Structures are given as structure tokens and as C-alpha cells.
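Read off the chains here:
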Amino acid sequence: MNAPVAHPPQAEPVPSMEGVTPFMAQYLTAKASVPDAILFFRMGDFYELFFKDAEIAAAALGITLTKRGKHQGDDIPMAGVPVHALEGYLARLIRQGFKAAICEQMEDPAEAKKRGSKAVVRRDIVRVVTPGTLTEDSLLDARGANRLAAVAIRKGRAAVAVVELAGGVVDVVACALEDLGATLSSFRPSEVLVPDRLFSDEAAKDALDGSGGVLQALPQALSEPVGARVRVERLYGVAALDGFGAFEEAEVSALGLIAAYLETTQAGKIPALAPPRRSGDTGFLAIDPATRLSLEIDRTQRGEREGSLLASIDRTVTSGGARALAERIARPLRDPARINEGLDAVEWLLERRDLRRDLRDGLRASSDVARAVSRLALGRGGPRDLAAIRGGLSIAGGLVSLFPTPDETLDGLPARITACLDRLTLSPELGGLLSGLAEGLAAEPPHLARDGGFVNPGFRPELDEARQLRDDSRRVVADLEARAVTQSGVPFKIKHNAVLGYFLEATAKTAEPLLRPSEDSPFIHRQTLANQVRFTTVELSELDAKISQAGHRALAIEGETFETWRRTVQALAQPLQAVAEALAELDAHGALAEWAEEVGAVRPQVDDTTCFEVSAGRHPVVEAAVKAAGDPYTPNDCRLDGSGASCARLSIVTGPNMAGKSTFLRQNALLVVLAQAGAFVPAKAMRLGAVDRLFSRVGAGDDLARGRSTFMMEMVETAAILTQATERSFVVLDEIGRGTATYDGLAIAWAVAEALHNHNQARTLFATHYHELAALETRLAHVCNLSMRAREWNGELVFLHEAAPGAADRSYGVQVAKLAGVPGAVVSRAREVLDRLEGETSAAANLNDLPLFAAAEPAAPLITPPSSAVDDALQGIEPDELTPREALEALYRLKGLAKR
């Protein structure tokens with residue numbers, strides 16, 4: 001998806017209605033209802049675009065811009081796309097961040113003519129297409145979720161509501177304001193709904209900009225809790241939300257924005273949505289956008305899936321399973337009990353290779369049930385979506401039979417697998433739907449219901465009759481012709497034209513006996529020509545009507561059958577979605593087991609301690625790339641303890657450039673992600689005390705659009721770590737302070753390391769080229785030194801990629817410059833300067849005298865001054881909830897407090 005917009009999009013003004021034709025009045029009325037969307041206006045076999053929409057679409061899509069008629073003296077710009085090619089053009093517009101409204105013809109032109117020759121065909125907007133509301137397979141990434149998110153802030157609390165319309169899944173999370181960015185980015189939404197007032201809130205701006213989705217501004221009034229609650233109740237068709245849980249005001253506001261947006265974009269059609277899954281801010285590992293990007297968890301820093309952690313471990317065989325795995329990796333759990341439930345399922349399948357093979361073979365044959373259900377519920381599905389549901393239900397029963405019953409296993413099945421099998425056991429209603437689809441739906445149905453041919457013969461007798469008449473009309477006509485010849489003795493030929501329909505034709509001479517009046521004759525004279533005479537019979541007239549209507553009737557019966565199935569699916573949407581979720585979860589468990597066997601991963605021990613112990617850990621992405629090149633990967637150990645009881649809580653990592661410091665830091669952070677996602681880890685052993693927040697500041701980048709240099713961005717991210725990290729957090733920092741003067745950078749790095757050790761007490765890996773920081777090992781209680789080993793051999797630098805105890809003695813920067821191809825003269829000059837600097841012992845002596853080598857007071861720099869009465873009063877005011885009178889009273893009250 002494209003980059004987020006920096007401000008609310010502005011709608012183009014709608015042209016005046018003065019002096020327009022009825023057709024253009026209809027267009028302008030439709031356009032006025034969606035001023036911020038590009039309007040595709042159906043006209044026969046084309047969707048036409050006019051005015052500014054045509055100019056925008058022509059530039060964005062590369063289609064021809066023409067003119068049609070005039071409006072207030074000016075030519076009307078026009079462009080168009082064929083109806084059959086609409087989805088391709090929509091996909092290109094959506095990728096560029098546009099919204100598109102579809103205005104369809106709601107009646108046949110023949111019906112409009114009955115109201116008068118100048119009557120305009122009735123049209124209406126049937127849908128507004130936006131980045132977060134896509135449901136068509138051609139517009140979606142099959143292996144990635146497409147989510148619409150909404151953000152609300154009430155009474156100092158933030159909430160994020162998220163819906164995946166294509167799958168019917170709804171999540172809502174309430175969190176502290178400082179966690180809004182981490183919560184929002186964990187869902188990776190395509191589109192984010194924002195109350196317009198939040199665009200002026202600096203605290204929310206960083207979180208919104210880091211979401212990665214297109215930002216859509218909505219009126220603040222839509223987030224008011226009372227109205228929002230009513231809209232959500234209407235969306236779910238319930239009298240109260242209490243049955244879904246006790247929601248905070250901010251959660252209701254966010255859900256209300258989602259409900260309001262769906263009402264608008266889906267033109268009144270109610271999507272099949274599961275009840276909102278409410279998860280508090282303590283349920284998942286918090287990973288802020290900068291850390292997510294730094295670690296390349298689900299996308300690389302170039303925005304690509306390939307090369308990310310997710311891509312390296314994905315062994316799923318279904319699109320639903322791929323999305324389930326992506327969510328699992330993007331939102332790791334925090335509770336050790338829940339984490340171990342996931343690990344139990346992976347371990348159980350890992351130990352049963354044959355069962356896992358059969359499970360994955362069975363899943364390969366399944367289709368995307370969740371998205372099929374969603375499309376059918378919204379009226380956009382077709383016969384192939386019904387076939388996907390039939391296939392999913394059929395496979396569900398077969399998969400259940402693969403697993404042993406509780407009586408057949410000593411230890412029982414893991415809880416997560418048992419829950420999946422329970423959802424795959426079909427209810428009588430789902431069994432009935434499967435039976436009906438198996439009997440009535442064709443094995444290879446067409447894409448569109450209007451094409452017909454998807455109902456099996458024998459399922460609807462009246463359909464078989466209509467089809468037979470339509471398909472066998474020649475034989476039926478020949479039979480009737482033979483009977484007419486036998487009955488009359490006249491050599492008739494049955495013919496057809498557009499005026500008379502079917503008729504019996506004979507030469508004028510042979511027809512003479514039939515022209516004599518006779519009450520018993522079944523032949524009715526219709527027309528006399530120069531050499532032919534034409535007749536009909538009552539039976540032929542009825543046959544003519546039946547044949548002409550048979551095709552239409554067959555399609556109507558099939559359409560009625562499809563609608564019956566569609567309504568059944570809509571009524572059973574929730575149990576069908578439960579089946580889809582179970583299939584996806586089993587696929588994710590099986591994929592993680594498959595990957596663990598493939599790379600030799602082990603089960604991590606996850607508990608409530610603050611330990612972090614890894615034996616022979618490996619970076620999952622780098623190892624795959626190194627092995628693909630035919631080279632060995634060097635594993636490394638790492639031990640940290642937040643309590644400091646068994647080992648250091650902060651490790652200073654030094655060593656040359658290119659020796660693997662950044663890889664070592666990222667490797668251990670990714671092992672945390674994998675373990676808490678319920679996946680095995682590439683190591684010999686791992687023990688992890690569950691982490692609440694993960695922070696990574698590795699690599700350099702700037703934000704020129706917001707006027708932030710590389711160093712400023714580094715300090716902003718460092719500040720976030722220092723203010724949010726806790727004793728249960730895990731922090732990796734690389735070269736803090738490198739973007740400024742040497743002493744400034746050294747001072748900042750020293751102070752940050754002290755703060756993390758003394759105040760935050762988080763488990764930390766701190767990589768640096770300031771070798772002076774090695775002194776912290778002797779000055780702080782729980783600090784140790786690690787270095788990435790390198791050796792010089794015959795004048796060349798050899799990297800060993802091993803993390804060993806102790807500090808590095810030098811950085812080998814000049815040698816790395818030589819490896820990078822810096823001209824020899826420059827390298828030689830650099831060696832001369834380095835030798836001279838290292839020979840000046842006074843520099844070292846002066847450095848030892850600096851006050852930074854005196855231990856700082858533990859928490860003095862982080863003490864917050866006591867708040868005043870005015871500060872306390874301000875914290876209790878919610879501006880959006882005040883009436884004008886209450887706001888004035890609050891202002892006077894604050895003024896009074898300030899005078900004290």
C-alpha cells in the first residue's frame with residue numbers, strides 16, 4: 001500500500017446543477033454524495049467519469065481523456081473504462097491511495113422507456129471502494145490481511161479498532177497513549193480512520209504516521225460514545241453490546257467510526273462480522289513502528305515481504321494459514337501460559353511427521369473460506385465462492401478423522417489443537433449446507449452467477465425442463481413439424497422470424513386445402529405471400545413462447561437457487577468463519593512445525609522470570625541466506641538477566657564494522673519475537689522470561705519531510721525507549737551517539753547506558769564503537785562486555801563472527817575501508833593519521849580525567865518535578881466533552897488556581 005497521507009484529504013467541489021440535463025443532474029446528485037471519491041458512472045457497457053474525476057483517472061490510469069457536451073459553457077472532460085475491466089483499474093487507483101465510488105444502473109433501459117422516451121435509467125451508488133474495504137481476490141494479497149483501522153482517544157486512553165472485511169474478523173484494543181503507535185502498527189492496516197481533531201494532536205501524529213496506512217479523516221462527532229454505541233449495535237443487530245464485553249469509551253468510539261464508515265462504503269449492505277475480539281494492552285508484546293521496521297519482522301526496510309522474518313519461516317500451504325501466521329508473528333503474546341499453549345501444538349505436530357504430512361496435504365486442497373463467506377454476505381460473491389465453502393466444509397470433516405480421539409492418546413491433544421478440532425466438527429446446519437452444495441453445485445462452476453450453468457442436473461426438476469426446452473428446441477420443433485405434416489398431408493416446414501416467431505410454411509398450391517374454412521382444422525392462417533402461405537397452431541404458439549422464455553427462465557431458476565444458498569451462508573456466517581479460522585490455525589501450527597524440523601529449531605522455555613539465555617542462537621533470515629550461498633553460519637550464545645542475579649542485565653558489545661554486531665543484536669531480538677509468537681527458535685537451547693516491550697534502535701535513517709536529521713531521529717527513538725522500557729523489556733541499541741561530535745556522542749551513549757541499567761533495568765544489548773564504555777563493566781553492578789572477534793592475517797582482516805567475553809581493543813575501521821574499495825592512497829593516509837592519534841598519549845590521559853568516568857546519581861536525571869494545582873486540573877479536563885459554558889467555567893477555575 002502507498003505511504004500514508006500527511007493530512008486529511010480535501011474533496012473536490014461538485015459542479016453547479018444550474019441548467020443541466022436530467023442525465024447530468026442524476027450524475028451530479030450522485031457525485032455530491034461522494035465528493036471525496038472518484039465516481040464510476042455506469043452507462044451500458046462502460047463506466048464513465050466526468051469533470052475533475054475524469055482528469056484524475058486519466059492521469060492515474062493512463063486512459064484517454066475526451067470531452068462530451070458542455071456545462072455552463074465549458075467542455076465536460078470525460079473518460080471511461082469497460083465494465084469487464086473495472087477491477088483492474090480499481091486496483092491501480094486503490095494502490096495510489098484513491099477512493100472510488102461505483103454507481104450502477106438499477107434497472108433495464110427498457111423499463112426506463114416505459115416511463116417515457118426521455119426517461120433516465122435509475123442509478124444508485126452501490127459501493128465505495130477504499131484501501132481498507134476491499135473484498136475481491138483480484139484486489140487482495142491472498143497471503144496478507146487487508147485491514148481497516150480506526151483510532152479514538154477518550155479521557156486519556158487510546159483505542160484501536162480493526163476490521164478485516166474480507167475475513168469478517170474484528171479486533172479492538174484499548175491502550176495507553178504512549179502505546180498507540182505500537183498497537184496500531186502491529187495490525188499493519190491499509191487504511192486508518194481518524195477523527196479530524198486528532199490531526200492537530202502531536203502525541204497522536206507520530207503514531208498515525210507510523211501506521212503505514214492511508215489516513216482518512218472523519219468528523220469528530222462520529223466518535224462520540226453515545227452515537228457510536230448505537231451504530232455498533234445496529235451493525236451487529238443487537239440491543240446492547242454488553243454480551244460482547246465491557247468496553248471502554250475509547251473502544252466504543254473506535255468501533256463506532258468503523259460502523260459509520262462501513263455504512264457509507266457498503267451502501268447499507270451488512271457485512272458478516274464476528275463479534276469484536278477485545279484484548280487489553282497487556283495481552284501482546286508491544287513493538288513500536290521503528291522497532292518493527294528495524295527488525296524487518298513482516299516487511300523489509302524496502303517494504304517487501306521477501307527477506308523478512310515472516311517470509312523466511314512461512315511454510316503454510318493455504319492463504320488463510322499464511323494470514324494467521326503473519327498475525328501471530330506481528331503480534332506475539334505476552335502471557336507465558338498462552339505462549340506455551342502455542343508451543344505445545346507445534347511440538348505435538350513436530351513429533352508426528354506422518355500425521356503432519358497428511359494434515360498439510362489435506363489443507364492444500366482447501367480454498368479461502370473466510371473471504372468467500374465475506375463476499376457472499378456482501379452480495380459480491382459468485383458460484384466459485386460457494387464451491388470454496390463446499391470444499392472447506394468437506395475437508396474439515398476429513399481432517400478431524402486424522403487426529404486421535406482423547407481415548408486413543410495417553411496425554412491428550414494440546415488445548416489449541418483440541419479447540420481447532422471442535423470448530424471443525426460440523427453442526428447439523430453446516431452439514432445440511434454441505435449436503436445441499438455437494439448435491440446441487442456443479443464441480444467446476446462459472447465465476448459469475450449470471451452466466452448460469454452452476455446447478456447440477458436433477459437438483460431442480462423445473463430447471464431441467466427449462467434447460468431441455470432451451471437446449472433441445474430443434475428436436476422439439478422437428479417433432480412438431482413431422483406431426484403437422486402427418487396430420488394435414490401438407491409438406492410443412494417450420495421456420496422462424498423476429499415478427500411472427502415460429503410458423504408453419506407451405507407453398508401456395510399445397511396449402512390450398514387448408515385455406516378452406518373448417519372448424520376442425522387446428523391450423524390458423526397467419527400470412528400469405530406471393531409463393532408461400534404461413535400458418536400456426538395453438539401448440540406451436542405455446543412452444544414459441546416457451547422456447548423464447550426457456551433461456552431466461554433457466555437463468556432465473558439458477559439465480560433463485562444461488563440466492564437461497566447465499567442467504568444460507570449469510571445466516572451461518574459465524575460458524576463458517578469459525579471453520580475457516582480453525583483451518584488457518586492448524587495450517588500455521590503445521591507450518592511452524594515443518595520449519596522447525598527443516599532448520600533444527602528447538603522449543604524455547606518461556607516463563608515469568610527476567611532471564612534471557614540462548615545457547616548457539618542463529619539469525620533465521622541471515623542463516624537461510626548464508627546457507628543458500630553454500631557458506632556456514634556461526635552461532636552465538638547470549639545471556640542476560642534483568643534482576644542481575646545470574647548474569648549481567650546490560651552487555652556492551654564492541655568490535656569491528658562488518659564483524660556482525662548488528663546481526664547479533666537483531667538475532668537475539670528476533671528470537672524473542674519467535675518464542676513469544678509460539679514458534680520454535682533456531683538455537684541449541686533458549687530460556688526466556690516473557691518480554692513486555694521490545695525495542696530496537698539499529699541502523700540509521702532520517703525523516704526529511706518532518707525536518708528530522710538522522711541524529712534527531714536517533715534521539716527521538718532513544719527517548720521513546722528511555723521513557724517506555726520497563727524491567728521486563730528487551731532493548732537492542734546500536735551505536736548510539738554516532739551522529740554528532742565525538743565527545744557529545746560518547747557522553748550521550750554513556751548516560752543512556754547508565755539510565756537503562758539503573759532506572760529502566762531492562763535486558764539490553766548495547767553495541768558501540770566508543771570503547772571507553774567498556775569501563776562500565778567495573779563501574780556498574782550488572783554490566784558485562786562482549787566483543788565480536790576478528791583477526792589480522794597476512795595484512796588482511798578476517799571476521800570470525802563470534803561473540804566472546806571481553807571488550808574489543810580496536811575497531812579496524814581503516815581495514816574495513818580497504819575492504820570496501822576505498823582508494824589505496826586514502827587508506828594509507830588514514831593509517832598515518834590513525835597511528836599519530838593513537839601515539840598521542842595525552843588524549844587518553846585527558847579522557848580519563850573527564851567526569852563521565854564518575855558514576856552518576858542513579859535516578860537524578862529522570863526525576864519528574866512535582867505537578868502544580870494547575871497541572872492537576874488540566875489533566876482532569878476533556879475538551880471534547882465540555883459544553884461552551886463548562887469550558888468558560890473551567891477557564892475561570894484555572895485562572896484562579898494560577899493566582900495562588
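Residues numbered from 1 in each chain as written. Predicted model: local features only at pLDDT ≥ 70, side-chain atom pairs only at ≥ 80, totals over all residues. Heavy atoms only, no water.

Trainee: Please explain the nonpolar core as it appears in this structure.
Mentor: Here is a general trend for soluble globular proteins: nonpolar side chains tend to be buried in one another's company. Of all hydrophobic cores here, the largest spans 108 residues; its most connected members are Leu309, Ile329, Ile389, Phe403, Leu576, Phe612 and Phe730. Looking at this core element by element, the count peaks at 12 residues for helix α22 (residues 573–599). Judged by nonpolar contacts, the second largest core, of 28 residues, contains Ala250, Leu257, Ala259 and Leu378. (Core = buried A, V, L, I, M, F, W, Y, C linked by side-chain atoms within 4.5 Å. Buried < 20%, exposed > 50% of the residue type's maximum accessible area, 1.4 Å probe, protein only. Helix = DSSP H or I, 4+ residues; strand = E, 2+ residues; numbered from the N terminus.)

Trainee: Before we go on, may I ask you to explain the packing of aromatic side chains in this structure?
Mentor: Given two aromatic rings, their pairing is described by the distance between the two centres and the angle made by the two planes. Overall, the coordinates contain 13 aromatic pairs when judged by the stated rule. Taking the centre distance of 6.5 Å and the plane angle of 80° together, the rings of Phe40 and Tyr47 count as edge-to-face. Each member of the pair, Phe40 together with Tyr47, is buried. Ring centres 4.7 Å apart and planes at 50° place the aromatic pair Phe612 and Phe730 in the tilted group. Linking Phe612 in strand β19 (residues 611–617) with Phe730 in strand β24 (residues 730–734), this pair joins segments that are 118 residues apart in sequence. (Phe/Tyr/Trp six-rings, centres within 6.5 Å; stacked < 30°, edge-to-face > 60°.)

Trainee: Can you help me understand the layout of surface pockets in this one?
Mentor: Taking a probe equal in size to a water molecule and rolling it over the atoms shows the remaining empty space. Roughly 1300 Å³ of volume is contained in the second largest pocket. Considering the residues around the second largest pocket, the lining is formed by 36 residues, among which Glu87, Glu136, Arg380, Leu448 and Arg450 are closest to the centre. For the lining of the second largest pocket, the element with the most residues is helix α3 (residues 86–95), which contributes 4 residues. Each residue belonging to the lining of the second largest pocket can be placed in one class, and the counts come to 12 nonpolar, 9 polar and 15 charged. (1 Å grid on protein atoms, 1.4 Å probe; cavity = no way out; pocket = protein on both sides within 12 Å on 5 of 7 lines; lining within 4 Å. Points joined across faces, edges and corners; volume = space filled by probe spheres on them. Nonpolar A, V, L, I, M, F, W, Y, C, P; charged D, E, K, R; others polar.)

Trainee: Which parts of the structure should I look at to understand the confidence of the model for the chain?
Mentor: Regions with low pLDDT carry predicted coordinates that are not meant to be interpreted in detail. Per-residue pLDDT for the chain averages 85, and the proportion of residues at 70 or more is 92%. pLDDT under 50 marks residues 841–845. Its contacts with residues more than four places away, or in other chains, come to 0 contacts. Low pLDDT (under 50) marks residues 858–863, which in the prediction has 3 contacts with non-local residues, meaning those over four places away or in another chain. (pLDDT = per-residue confidence, 0-100. Contact = heavy atoms within 4.5 Å.)

Trainee: Looking at this structure, I do not really get unusual backbone geometry. What am I missing?
Mentor: Glycine aside, a negative phi is what most residues show, and trans is what most peptide bonds show. Positive phi values are uncommon outside glycine, yet Lys155 reaches one of about 50°. Position of Lys155 relative to the elements: it lies in the loop between β7 (148–154) and β8 (157–164). On the basis of relative accessible area, Lys155 is assigned to the exposed category, the value being 51%. Unlike most non-glycine residues, Ala616 shows phi in positive territory, near 55°. For Ala616, the position within the fold is in strand β19.

Trainee: Would you explain the packing of helix α5 (residues 180–187) against helix α6 (residues 202–209) in this entry?
Mentor: For any two helices packed against each other, the geometry comes down to the angle between their axes and how far apart the axes lie. Relative orientation of the contacting elements α5 and α6 amounts to 20°, with a least axis distance of 8 Å. As far as their axial angle goes, α6 and α5 are roughly parallel. Handedness of the crossing formed by α5 with α6: right-handed. Between α5, through Leu180, Gly181 and Leu184, and α6, the contact on the second element is made entirely by Ala204, Ala207 and Leu208. Partitioned by chemical class, the residues of the contact of α5 with α6 number 5 nonpolar, 1 polar and no charged. (Axes fitted to C-alpha atoms, helices over the stretch in contact; angles between N-to-C directions. Parallel < 35°, antiparallel > 145°, perpendicular 65-115°, else oblique. Left-handed = near helix turned anticlockwise from the far one by under 90°.)

Trainee: Please clarify how the pattern of salt bridges should be interpreted in this entry.
Mentor: Where side chains of opposite charge bring their charged atoms close, a pairing between them can arise. All chains considered together, the criterion is met by 52 salt bridges. For Asp75, the salt bridge identified is with Lys67, shortest N-O distance 3.5 Å. Take Lys67: its relative accessible area is 62%, and that puts it in the exposed class. Linked by salt bridges that have partners in common, Arg353, Arg356, Arg360, Glu594 and Glu597 make up one network. (Salt bridge = Lys/Arg side-chain N within 4 Å of Asp/Glu carboxyl O.)

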